[in-house]
Amino acid sequence: MKIIIIEDELEILQGMKETVIEAAAGKLEILTAANAEDAEVLIRAQRPDIIVSDIVLPQQSGIDMLQAMQMPDYAPKIIIVSGYSDFQYAQRSMQLGAMDYLLKPFSREALSTKILHLLDMLEDERKHHQELSGQLKQAELGKKLLKDKFLLSLCMTPTVLQEHVFHRLQMWELTWLADTNYTVIALDIVRQDRPNRLDSQSDLETFSVGNITEELLEAYQPSALFKNIHHNWILIVPSELTGAVVEAIQAGVNKYQYLTVGFGISREQQAFQAISTAYGQAVKALKMALMTPGSYVHTYSEALYADDEPNRLSAELAAALVMEGDLAQIDTTIDLLVRHYATAQEVKDYQDISKKCLEWILSLHSTLREKYGIGLNQIPMALWEELEQCERLEQVKERMLNYVVGIAKKAAVSHSNAIIAKAKQLLDQQFAQNITLQSIADQLQIHPVWLSQLFKKEAGINFLDYVTDLRVEQSKKLLRDTQMKIYEIAESVGYQDLQYFGKVFKKRTGQTPKEFRYGK
């Protein structure tokens, strides 16, 4: 605290200074002036807490000086000193804010008592001000926390715009959310060298980004800024401000903190109750932004997300695609799978993505073994190492796709052999019946066109020729080893038209059935 003593008689001034030094015991910094002009300069520059001034000063009275020092944001404690006992002076000095009045000559004890009284008063006021300031800060902080909690609740749960909700929007000056197209933006610091670091340095950086963003947003209103439970800053702005806000924050954070910020931006929303949808989109887009080096602004609409179609990621469906050899759909599935893991809340870095991918491959192995009888070796260590070394999502997808396509090619050969073996078994049992390509395909649960192509490829003969060969071979046995009539033999091997049977038999053997029977 500071005190200024204004007295034109130097001997008295020195005595007053010594008294104050003794009474204040180091609590006061002492300024002195011998005239009103010097005093005015010191008061304006130093703003002392206590002013002790003589009334009679050269050129300008102490009272006139105090009147000139009247300022709306400055209220010092004032003691007027005078050799005059005229009450008019005292009354006027009181009107100018004087706390007390000393008549010359006065004792050191009298001045000391008044100074100590003012010091106690100042100390009490300072304590009261600190308490009040603390209460105001706490109240302001509490108000902000309640507002942030309300905004976060809108993000976590779809909320219909009912009357009580609108009243809360009014209380927080957020009514613009009810009638403005908006986007939700999630932002966080890109930490490539320490993606999981949770320490005081990271907290300080996050806090700084929030402060910079809050200051920048003063030029972009209306807007709302708050933090979610994962320490991401969440920003809601009218959709037309989105691009400008993102650019301003990027530039501001880079300028003042030399940090790179990643942004996840939701689709434009119109309905108030869609805030939770937009929030989910922004958080997922932010994960993609943080996982995609060199592209730190990611809009939800720019990429595919698999949450709306969870079945497309199942190991069972993937196993079916592997068995069918559908490489295009396998590519799409792997792409969705990698994006899904990258945006999952529990996934923090590429090691987490690698673990998720390896768990999925284990499920794929299990499904192929249990459902299709395809035996696979354990996941090769090379794949583990390759996935753990990935630093881009494209690399993760490439490793996964190469491995699954390799499985598909091996499974296709094994499965094709099994299908043809089963088809031959069915034909051996049913060739005498009215069988068709469609009927066998139905029993094998595959498409007839695929069966036809597969049969030709694996058996080296088309389906119809294979059936004809079976029937002719059986006919030859019956003609040589039984006394059955030829028309009975034709019917027993699947031919209802005796003439047609004869043509087929001769074409295959070069003889009619009768000639074959009698060895001609």
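Definitions and cut-offs
- Residues numbered from 1 in each chain as written.
- Predicted model: local features only at pLDDT ≥ 70, side-chain atom pairs only at ≥ 80, totals over all residues.
- Heavy atoms only, no water.
- Helix = DSSP H or I, 4+ residues; strand = E, 2+ residues; numbered from the N terminus.
- Expected span 1.5 Å × (residues − 1).
- Buried < 20%, exposed > 50% of the residue type's maximum accessible area, 1.4 Å probe, protein only.
- Arc of directions from axis to C-beta.
- Pairing = 2+ DSSP bridges.
- Axes fitted to C-alpha atoms, helices over the stretch in contact; angles between N-to-C directions.
- Contact = heavy atoms within 4.5 Å.
- Core = buried A, V, L, I, M, F, W, Y, C linked by side-chain atoms within 4.5 Å.
- Phe/Tyr/Trp six-rings, centres within 6.5 Å; stacked < 30°, edge-to-face > 60°.
- Salt bridge = Lys/Arg side-chain N within 4 Å of Asp/Glu carboxyl O.

(A) Structural context of helix 16 (residues 448-459). In a regular helix each residue adds 1.5 Å, so 12 residues correspond to 16 Å; helix 16 covers 16 Å between its end C-alpha atoms and thus fits that length. Along helix 16, the residues classified as buried are Pro448, Leu451, Leu454 and Phe455. The arc enclosing the buried residues of helix 16, seen along the axis, measures out at 120°, which places them on a common side. What points out from helix 16, more than 90 degrees from its buried face, is the exposed set Gln453 and Lys457.

(B) Up close: the sheet that holds strand 7 (residues 224-227). On the basis of which strands lie adjacent, the open sheet formed by five strands has the order 7-8-6-9-10 and mixed pairing. The strands lining the two open edges of the sheet, one partner per strand, are strand 7 and strand 10 (297-299). Direction aside, neighbouring strands of the sheet carry axes that sit 20° apart on average. Looking at chain direction, strand 9 (residues 261-265) and strand 10 are connected through three bridges and run parallel. Paired with Gly264 across the bridge in strand 10 is His298. Of the strands in this sheet, strand 6 (182-189), strand 8 (233-238), strand 9 and strand 10 are in contact with helix 8 (residues 242-257), which crosses strand 9 at around 165°.

(C) Just the pairing of strand 8, in detail. With respect to burial, strand 8 is a largely interior element, six of its six residues being buried. Here strand 6 pairs with strand 8 via six bridges, running antiparallel. Opposite Ile185, over in strand 8, you have Leu235 as the bridge partner. When strand 7 meets strand 8, the two strands line up antiparallel, connected through four bridges. What sits directly across from Phe226, in strand 8, is Ile234. As consecutive antiparallel partners, strand 7 and strand 8 are separated by five residues, and within that stretch His231 has a phi angle of approximately 70°, a positive value.

(D) Broad picture of the nonpolar core. Core analysis: the biggest nonpolar cluster contains 40 residues, and Ile353, Trp360, Val396 and Met400 have the highest contact counts within it. At the level of elements, helix 10 (315-324), helix 11 (327-343), helix 12 (350-372), helix 13 (381-388) and helix 14 (393-430) are the ones that each hand at least two residues to this core. If one sorts the elements of this core by residue count, helix 14 sits on top with 10 residues. Setting aside chain neighbours within four positions, we find Met400 in contact with Ile334, Leu337, Cys357, Trp360, Ile361 and Leu387. Within the second largest apolar cluster, 30 residues are counted, among which are Phe455, Phe463, Tyr466 and Leu479.

(E) Up close: the sheet that holds strand 3 (residues 50-54). One open sheet holds the five strands; their spatial order is 2-1-3-4-5, and the pairing between them is parallel. Lying at the two open borders of the sheet, with one neighbouring strand each, are strand 2 (29-33) and strand 5 (98-103). Averaged over neighbouring strand pairs, the angle between their axes works out to 15° when direction is ignored. The pairing of strand 1 (residues 2-6) with strand 2 spans five bridges and is classified as parallel. In the sheet register, Ile3 faces strand 2, and the bridge partner there is Ile30. Strand contacts of helix 1 (residues 10-24): strand 1, strand 2, strand 3 and strand 4 (77-82), with the helix running at about 170° to strand 2, the strand carrying the most contacts. Contacts between helix 2 (residues 36-46) and the sheet are confined to strand 1, strand 2 and strand 3, with strand 1 contributing the most and set at about 170° to the helix.

(F) Representation of the environment of His129 in the model. Looking at the element boundaries, His129 is found in helix 5 (residues 108-156). With a relative accessible area of 54%, His129 lands in the exposed category. For His129 and Thr482, which are 353 residues apart along the polypeptide, the C-alpha to C-alpha distance reads 121 Å.

(G) Representation of the packing of aromatic side chains in the model. Under the definition given, this model contains six aromatic pairs. Aromatic pair Phe455 and Tyr466: ring centres 5.2 Å apart, planes at 70°, arrangement edge-to-face. Of this pair, Phe455 sits in helix 16 while Tyr466 is found in helix 17 (residues 463-481), placing the two residues 11 residues apart along the sequence. Take Phe455: its relative accessible area is 0%, and that puts it in the buried class. On the basis of relative accessible area, Tyr466 is assigned to the buried category, the value being 17%. Measuring from ring centre to ring centre gives 5.6 Å for Phe505 and Phe516, while their planes differ by 75°; the resulting arrangement is edge-to-face. Of this pair, Phe505 sits in helix 19 (residues 498-509) while Phe516 is found in helix 20 (residues 513-518), placing the two residues 11 residues apart along the sequence. Comparing Phe505 with Phe516 shows no difference in burial state: the two are buried.

(H) Here's a closer look at the pattern of salt bridges. Tallied over the full model, the rule gives 15 salt bridges. Here Asp73 and Arg47 are joined by a salt bridge, their closest N and O atoms 3.4 Å apart. Taken together, the residues Asp73 in the loop between helix 3 (62-68) and strand 4 and Arg47 in the loop between helix 2 and strand 3 connect sequence positions 26 residues apart. You can call Asp73 exposed: its relative accessible area is 58%. Linking Lys144 and Asp148 is a salt bridge whose minimum nitrogen-to-oxygen distance equals 3.0 Å. Placement of the pair is Lys144 and Asp148 together in helix 5, with a separation of four residues, close to one helical turn. Here Lys144 falls in the partly exposed class, since its relative accessible area comes to 33%. The class for Asp148 is buried, based on a relative accessible area of 14%.

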